[in-house]
Amino acid sequence: MTIRIGKPEIDLRQKLTELQTPSGIAGRAVLSANTPQEQFNLIGAGRKRLNINGAFNVWQRGTSTTTTPGQVKYIADRYKCYHSNVATSNLTWAQSTDAPPGFAYSFRVDCTVSDTSLAAATEVNFYHHFEGQDLQHLKKGTPEALPVTVSFWVKANVTGKFYVELMDNDNSNRHCNIPYEIKELNVWEYKTITFPGDTTGTLNNDNGDSFHVAFWLTAGSSYNGSSNAQVWTNLNQSKRASGQYNFTNNTNNEIRFAGIQLEAGNVATPFEHRSYGEELALCERYYQLLDISGMQITKATTGTSYSNADLQASIPFRTVMRDTPSFGNIASGTTLTANAYTSTYASAGSYEISGFVKSPHLLGFGYQQAVNGGVSLPANVTMLGLTDDGYLDAEL
């Protein structure tokens, strides 16, 4: 006797798609990636964070500053605040140890003088600028332009709509603005925003200011129109921050940001942490402190030129800078002070020292007769001892 057993047909492909595998959000993203390159980016292989100092560890200019209307200042390294001159508010920008898990610091903004009746052109935000040569892999201005994802933590004692803006400075300030909501009071919230790739306008392949990301805090009616540009478009001021919450409406307001990360692609991956030393070196491409107080310039100093008219030396920078930087005194001004000494170390007065930057990697400084009213150093002066510290600035 023959027994025949029939089995229903099985669509194996369909069954595989129905499997409830514990892949998680990241796993599903990897499985659904369209190309090996996209999978490579998702698993975090190689470098991915485009912005510098996203964990707010480096503050070479000091860990707190206050802005009043009309001021534009760098605060944490690589982050510049903009406080329009028509505003009436005052703000304090500072490092904070109130941070989400995995971070030591956050970036805090406090409103210290309020502005409840905004002028139309009121604008308060902070920026991070990029060199065009560092963003060529985004393929901006081509049919293959990559999306950019911005992720960050935010905590505030207010709720409402805020904006993140990307702007292309090389092509008529093309921009894309996308809002996010702060939903809970005094709770760290993780936000991710994906900006579409822009197929119009390539970025210059040089060290210029090609691109920036801006985090808006307050916007007057000139920027706060009826709709916002959530796609790339030529600059339209009225569409930059539609419905933006007025952070400056109360002196009790405070907001914190942490773990800011920009990366290519449409998925936010975990924050890429770097060592403090590496992050500092990246920051020093744009701004460096010169710890030269107490440094001596003598006839025997390597790289020194000497005459009664001039006593000068040169020093290399720790990091090659973006461009030939400006030179200044940490306290104020663009000159330093030095005490002069004879060969027997007898005091010979105090003199003004000027810096004459030679290149993105070398600084010359010292006494210059031309800067000091045509007066030469006394003939018996053989050494200058610096009494100030300086800085080098090549910011975008």
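Everything that follows concerns the structure shown earlier in this document.
Model, not experiment: these values are computed from the prediction.

A closer look at the sheet that holds strand E11 (residues 209–219)
Reading across from one edge, E2-E3-E6-E11-E8-E9 is the order of the six strands in this open sheet, with antiparallel pairing throughout. If you trace the sheet from one side to the other, it starts and ends with strand E2 (72–74) and strand E9 (174–182), each paired once. Between one strand axis and the next, the sheet turns through 20° on average, direction left out of account. Relative to strand E3 (residues 80–83), E2 runs antiparallel, the two sharing three bridges. Bridge pairing in E3 places Val72 opposite Tyr82.

What about the side chain of His128?
Within the secondary structure, His128 sits in strand E6 (residues 123–131). In this structure the side chain of His128 is engaged in a polar contact, spanning 3.0 Å, whose partner is the backbone nitrogen of Ile52. Ignoring any residue separated from it by four or fewer positions in sequence, one finds His128 in contact with Asn51, Ile52, Arg78, Tyr79, Phe211, His212 and Val213.

As for the environment of Val113
Inspection of the secondary structure assignment puts Val113 in strand E5 (residues 106–113). A relative accessible area of 35% means that Val113 is categorised as partly exposed. For Val113 and Thr248, which are 135 residues apart along the polypeptide, the C-alpha to C-alpha distance reads 7.7 Å.

Conventions adopted
- Residues numbered from 1 in each chain as written.
- Predicted model: local features only at pLDDT ≥ 70, side-chain atom pairs only at ≥ 80, totals over all residues.
- Heavy atoms only, no water.
- Pairing = 2+ DSSP bridges.
- Helix = DSSP H or I, 4+ residues; strand = E, 2+ residues; numbered from the N terminus.
- Axes fitted to C-alpha atoms, helices over the stretch in contact; angles between N-to-C directions.
- Polar contact = N/O pair within 3.5 Å; in protein donor to acceptor, adjacent residues only side chain to side chain.
- Contact = heavy atoms within 4.5 Å.
- Buried < 20%, exposed > 50% of the residue type's maximum accessible area, 1.4 Å probe, protein only.

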